[in-house]
Amino acid sequence: MKTTNTISKSKRFDELKRKRFNHFGLLPVPCTWMQEPEIKTMPLKHHKTKRPGVIYVIDSDTQRRTWYSFEIADNKYWKDWYAIGMEDCEVGHAWISATYSDWDDPDYEGVESRVTWYVSFAHDGSPQHEFWGWHINEVSVSHAYERKLRNKTPMTYQYECIDIDGKPVEFKITADGYHACQVNAKAKVDADPNLYPFSENSYFRSVMLVHMKGG
C-alpha cells in the first residue's frame with residue numbers, strides 16, 4: 001500500500017489505542033527507536049478472493065480468512081506480517097505480528113525484533129451510535145539481538161571491485177567504524193562512472209582491514 005498523506009499524532013489510535021474500520025492510522029510500537037507502521041484498517045467485509053496487498057486475520061480454528069483485514073504502507077523496516085484470531089457477530093480479536101528489521105542505523109548495530117499487537121474488534125449495535133473498529137489492548141516484543149552501539153573506532157579497509165572492462169580495482173576507505181567504511185565504499189562505487197560492483201550479489205570481491213586506530 002502506497003500512501004501520500006501525512007499521519008499526524010492527532011490521527012493515531014486515540015493515543016495509539018483505537019481506530020475505526022476503513023481508516024488510516026499508526027500502530028503503537030514498544031520501543032522508542034522503532035518507526036511506527038502506517039496502517040489502513042479495511043471495511044468490515046468478507047472478501048471472496050484474496051486481494052493483493054491486503055493482510056487478513058486468519059481464523060485460528062477454520063484457518064480461513066475472517067472479515068478483519070488491513071493494509072500496511074510501504075516501509076523498509078517492517079516485514080513478514082501475520083494475523084490470527086477469531087470473528088463473531090458482535091466482537092472479535094486477533095494477534096497481529098510483524099518483524100522489525102534495521103541494519104542501516106549509523107549508530108547502532110543491526111536489530112531484528114518480532115512485535116505482536118493484541119487487538120479486539122468491536123461491531124455491536126449501530127455504527128452510527130456505537131464504536132465500530134479496532135482497540136489495541138497490548139503490544140509486546142521479542143528481540144533476536146541485543147541492540148548495541150556500533151564500534152566507531154577509526155579504521156581503514158581495502159576494497160576490490162571492478163572497472164568498466166571487468167578488471168579488478170582496489171581502493172582504501174578510512175572512516176569511524178566498519179559500517180561507515182562499508183557505506184562510504186559503496187557510495188564511492190555508485191558515484192564513480194568507472195567503477196562497478198563485483199557482481200549482482202556483492203559490491204566487492206574482497207574486503208580487508210588495513211589499519212585500526214590503537215590496533
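Data block above holds the structure.
Not measured: the values here are computed from a predicted model.

The rules behind each value
- Residues numbered from 1 in each chain as written.
- Predicted model: local features only at pLDDT ≥ 70, side-chain atom pairs only at ≥ 80, totals over all residues.
- Heavy atoms only, no water.
- Helix = DSSP H or I, 4+ residues; strand = E, 2+ residues; numbered from the N terminus.
- Buried < 20%, exposed > 50% of the residue type's maximum accessible area, 1.4 Å probe, protein only.
- Core = buried A, V, L, I, M, F, W, Y, C linked by side-chain atoms within 4.5 Å.
- Contact = heavy atoms within 4.5 Å.
- Pairing = 2+ DSSP bridges.
- Axes fitted to C-alpha atoms, helices over the stretch in contact; angles between N-to-C directions.
- Salt bridge = Lys/Arg side-chain N within 4 Å of Asp/Glu carboxyl O.
- Expected span 1.5 Å × (residues − 1).
- Phe/Tyr/Trp six-rings, centres within 6.5 Å; stacked < 30°, edge-to-face > 60°.

1. Section: the environment of Ile39
Then, number 1: As for its placement among the helices and strands, Ile39 is situated in strand S3 (residues 38-41).
Then, number 2: Of the residues examined, Ile39 reaches a relative accessible area of 0% and is grouped as buried.
Then, number 3: Between the C-alpha atom of Ile39 and that of Leu26, which follows or precedes it by 13 residues, the distance is 5.8 Å.

2. What to know about the nonpolar core
Then, number 1: In terms of nonpolar packing, the biggest core is built from 24 residues, with Phe70, Trp78, Trp81, Ile96, Trp117, Phe121 and Trp134 touching the most fellow members.
Then, number 2: Elements with a minimum of two residues in this core: strand S4 (55-59), strand S5 (65-72), strand S6 (78-87), strand S7 (91-102), strand S8 (111-122) and strand S9 (133-143).
Then, number 3: Aside from chain neighbours lying at most four places away, what touches Trp78 is Val29, Met34, Gln35, Glu36, Pro37, Ala98, Thr99, Tyr100, Val115 and Trp117.

3. Focus: the sheet that holds S3
Then, number 1: Ordered by their spatial adjacency, nine strands build an open sheet running S1-S9-S8-S7-S6-S4-S5-S3-S2, and the pairing between neighbours is mixed. The strands lining the two open edges of the sheet, one partner per strand, are strand S1 (18-20) and strand S2 (23-26). Neighbouring strand axes in the sheet, compared pairwise and without regard to direction, differ in orientation by 30° on average.
Then, number 2: One ladder, built from two bridges, connects S4 with S6; its direction is parallel. Looking at S6, one finds that Ile58 is bridged to Ile84.

4. Focus on the pattern of salt bridges
Then, number 1: Applying the stated rule across the entire model yields four salt bridges.
Then, number 2: Asp107 is paired through a salt bridge with Lys152; the nearest N and O atoms lie 3.1 Å apart. In this pair, Asp107 is assigned in the loop between S7 and S8 and Lys152 in the loop between S9 and strand S10 (154-163), connecting sequence segments 45 residues apart.
Then, number 3: Under the relative-accessibility criterion, Asp107 is labelled partly exposed at 37%.
Then, number 4: For Lys152, a relative accessible area of 40% gives the class partly exposed.
Then, number 5: For Arg205, the salt bridge is made with Glu160, and the minimal N-O distance between the two is 3.5 Å. Of this pair, Arg205 sits in the loop between strand S12 (195-196) and strand S13 (206-212) while Glu160 is found in strand S10, placing the two residues 45 residues apart along the sequence.
Then, number 6: Its relative accessible area of 55% is what places Arg205 among the exposed residues.
Then, number 7: Using a relative accessible area of 12% as the deciding quantity, one classes Glu160 as buried.

5. Examining the pairing of S8
Then, number 1: The alternating pattern of S8 places Val111, Ser113, Val115, Trp117, Val119 and Phe121 on a buried face and Glu112, Arg114, Thr116, Tyr118, Ser120 and Ala122 on a face that is not buried.
Then, number 2: As paired strands, S7 and S8 are joined by twelve bridges and run antiparallel to one another. Looking across to S8, one finds that Ala98 is bridged to Val115.
Then, number 3: Of the strand pairs in this sheet, S8 and S9 are connected by ten bridges, and their pairing is antiparallel. Along S9, the bridge assignment pairs Phe121 with Trp134.

6. A look at helix H1 (residues 178-191)
Then, number 1: For H1, with 14 residues, the first-to-last C-alpha span of 20 Å sits near the 20 Å given by 1.5 Å per residue.
Then, number 2: Buried residues along H1 sit against S10, strand S11 (168-176), S12 and S13.

7. Comments concerning the packing of aromatic side chains
Two descriptors summarise a pair of aromatic rings, namely the distance from one centre to the other and the angle between the planes of the rings.
Then, number 1: As enumerated under the stated definition, the model contains 19 aromatic pairs in all.
Then, number 2: Each ring, one from Phe70 and one from Trp81, has its centre 6.0 Å from the other, and the planes form 70°; the classification is edge-to-face. With Phe70 in strand S5 and Trp81 in strand S6, this pair connects stretches of sequence that are eleven residues apart. Trp81 matches Phe70 in its accessibility class, with the two residues each being buried.
Then, number 3: Taken together, a centroid distance of 5.6 Å and an interplanar angle of 85° make the contact between Phe70 and Trp134 edge-to-face. Of this pair, Phe70 sits in strand S5 while Trp134 sits in strand S9, and the two are 64 residues apart along the sequence.
Then, number 4: On the basis of relative accessibility, which here comes to 0%, the residue Phe70 falls in the buried class.

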